[in-house]
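Observations on the model geometry
Residue strings, one per chain:
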Number of protein chains: 2
Amino acid sequence: MDKYEALKLKNQLCFPLYSVSNLITRNYKPLLDKIDLTYTQYITMMVLWERHSVSEKELGEALFLKSNTLTLLLQKLKKKGFVTINKDKRDGRSIIIALTEQGEALKEKAVDVPTSIVKSIHLSEEEGMYLYQILYKILEANQNEEL
Amino acid sequence: MDKYEALKLKNQLCFPLYSVSNLITRNYKPLLDKIDLTYTQYITMMVLWERHSVSEKELGEALFLKSNTLTLLLQKLKKKGFVTINKDKRDGRSIIIALTEQGEALKEKAVDVPTSIVKSIHLSEEEGMYLYQILYKILEANQNEEL
DNA sequence: GCAAAATAAATCGCATGCGATATATTTATG
DNA sequence: CATAAATATATCGCATGCGATTTATTTTGC
């Protein structure tokens, strides 16, 4: 038995996770180009389409990202006219990100994106649901550790 | 029923894939820092530890990456003394990446990395295997499309 | 044999992600 | 109430990933 068996690429679990994630970003790109969003900007808009306005902290918790990634991202969404960024009056440390009319309108254009992507994944509904559960199990287990 | 239901973050399959992938890179970082590798450099070394020398094209096929990502990466591994880069004598378009002694020696230091990571994922063996299968199913389905 | 097509890398510009650190503001504590 | 600790963002530097394009080399087709 090879002492280095665990170091072989084909025995990695994280490598296909990483590759599928890259694959997804690639598949999304041409679709999202049409509505002038990158993938990270797209999931940010998803949060806003649901909640209308959030603090950067809340946004980071929803997306598992921190200010070092978000600050620049939000500036770009602001530049494109999809969001406004204002200080929270009740807490001067926080900023509140809110949808503009243009950002709200973008939702209509984005409505077909999820279906197109799901098709490109080629999984049965059952497989998709199982995958979903496992992934959230990993995310939640790790969230607890970071407390 | 909300017409925008499919646009909610909690209904996305790709989002947890993306988040778990980020999570994994974060978890690997402190471990890989100790052996002076980034995650992408690590999986590149994995290929070399198995095959000893590969062309950039073969490496790209193994890692699902292209020259725009690999070229710079390989230069850095060369700078660190882990690999050599030479033109293929039989085909002047190709380059051959090969392990140095130092690169080979690094394998010994890396041998415990996979176990540490698997622990941080918190999945049963069964879940891990199922996840593995689904991920490769996605990768393979998509590979065929790119032909 | 030679021009055109194909192939393999390299280069460019952009948008992440991340750890580390700095800054501004609020909260806690004595 | 003053000041230390905690919290929320911003900034910096580095290493990706990727589409698009360019360059170098080989293969193909006539």
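Look up a bit, the structure's there.
Reference entry: report on the structure contained in this document. (Residues numbered from 1 in each chain as written. Chains lettered and ligands numbered in written order. Predicted model: local features only at pLDDT ≥ 70, side-chain atom pairs only at ≥ 80, totals over all residues. Heavy atoms only, no water.)

1. Remarks on the sheet that holds strand β2 (residues 83–87) of chain B
Residue and element names in this part refer to chain B. For clarity, the cut-off: When DSSP finds two or more bridges between two strands, those strands count as paired. Strands here are runs of E lasting at least two residues and helices are runs of H or I lasting at least four, both read from the DSSP assignment and numbered beginning at the N terminus. Fitting a line to C-alpha atoms yields each axis, with helices limited to the stretch in contact; the angle taken between N-to-C directions then spans 0 to 180 degrees. In this analysis, two residues are considered to be in contact whenever any of their non-hydrogen atoms come within 4.5 Å of each other.
Strands sit in the order β1-β3-β2 across an open sheet of three strands; the sheet is antiparallel. Each end of this open sheet is capped by a strand with a single partner; those strands are β1 (53–55) and β2. Recorded for the sheet is a direction-independent mean angle of 25° between the axes of neighbouring strands. In this sheet, strand β3 (residues 95–99) lies alongside β1 in antiparallel orientation, the contact comprising three bridges. By the bridge assignment, Ser-53 is partnered in β3 with Ala-98. Its contacts with the sheet put helix α3 (residues 56–63) on β1 and β3, and the angle it makes with β1 is roughly 90°. Along the sheet, helix α4 (residues 67–79) makes contact with β2 and β3, crossing β2 at roughly 125°.

2. Describing the protein's contact with DNA strand C
Note the following rule: Proximity is defined per residue: any heavy atom of the residue falling within 4 Å of a molecule or strand makes that residue near it. Charged means Asp, Glu, Lys or Arg here, nonpolar means Ala, Val, Leu, Ile, Met, Phe, Trp, Tyr, Cys or Pro, and polar covers whatever is left, Gly included.
In the vicinity of DNA strand C there are 26 residues, among which Thr-38 and Asn-68 of chain A together with Tyr-18, Arg-26 and Glu-56 of chain B approach most closely. No other element matches the five residues that helix α4 (residues 67–79) of chain A contributes to the surface near DNA strand C. Partitioning the surface near DNA strand C into residue classes produces five nonpolar, twelve polar and nine charged.

3. Points about the interface of chain A and chain B
Put simply, the rule reads: Take a side-chain nitrogen of Lys or Arg and a carboxyl oxygen of Asp or Glu: if they are within 4 Å of each other, that pair is a salt bridge. In the analysis that follows, any N or O atom pair within 3.5 Å is treated as a polar contact, provided that within protein one partner can donate a hydrogen and the other can accept it, and provided that, for residues neighboring in sequence, both atoms belong to side chains.
Contacts between the two partners involve 60 residues from chain A, matched on the other side by 60 residues from chain B. In this assembly, chain A and chain B are joined by four salt bridges. With its nearest N and O atoms 2.8 Å apart, the salt bridge here joins Glu-127 of chain B to Lys-137 of chain A. Seen at the junction of chain A and chain B, the total is 13 residue pairs in polar contact (both at pLDDT 80 or more). Put simply, the parts of the chain that give the side of chain A that touches chain B at least two residues each are α1 (14–33), α2 (39–51), α3 (56–63), α5 (101–110), α6 (113–121) and α7 (125–145) of chain A. Of the residues belonging to the side of chain A that touches chain B, the class tally is 39 nonpolar, ten polar and eleven charged.

4. Quick look at the protein's contact with DNA strand D
Around DNA strand D, the surrounding shell holds 26 residues, and the nearest of these are Tyr-18, Arg-26 and Ser-67 of chain A together with Thr-38 and Asn-68 of chain B. Near the protein, within 4 Å, the atoms of DNA strand D are sugar or phosphate in 72% of cases. Tyr-18 of chain A is positioned with one of its side-chain polar atoms (N or O) 2.5 Å from a phosphate oxygen of DNA strand D. A distance of 2.8 Å separates a phosphate oxygen of DNA strand D from a polar atom in the side chain of Gln-41 of chain B. Elements with a minimum of two residues in the surface near DNA strand D: α1, α3 and α4 of chain A together with α2 (39–51) and α4 of chain B. For the surface near DNA strand D, the element with the highest residue contribution is α4 of chain B, accounting for five residues.

5. Let's talk about the sheet that holds strand β2 (residues 83–87) of chain A
Residue and element names in this part refer to chain A. Read from one edge to the other, the open sheet built from three strands follows the order β1-β3-β2, with strand pairing classed as antiparallel. Edge positions in the sheet fall to β1 (53–55) and β2, since each of these pairs with one other strand and no more. When the angles between neighbouring strand axes are averaged without regard to direction, this sheet yields 25°. Along the sheet, α4 makes contact with β2 and β3 (95–99), crossing β2 at roughly 125°.

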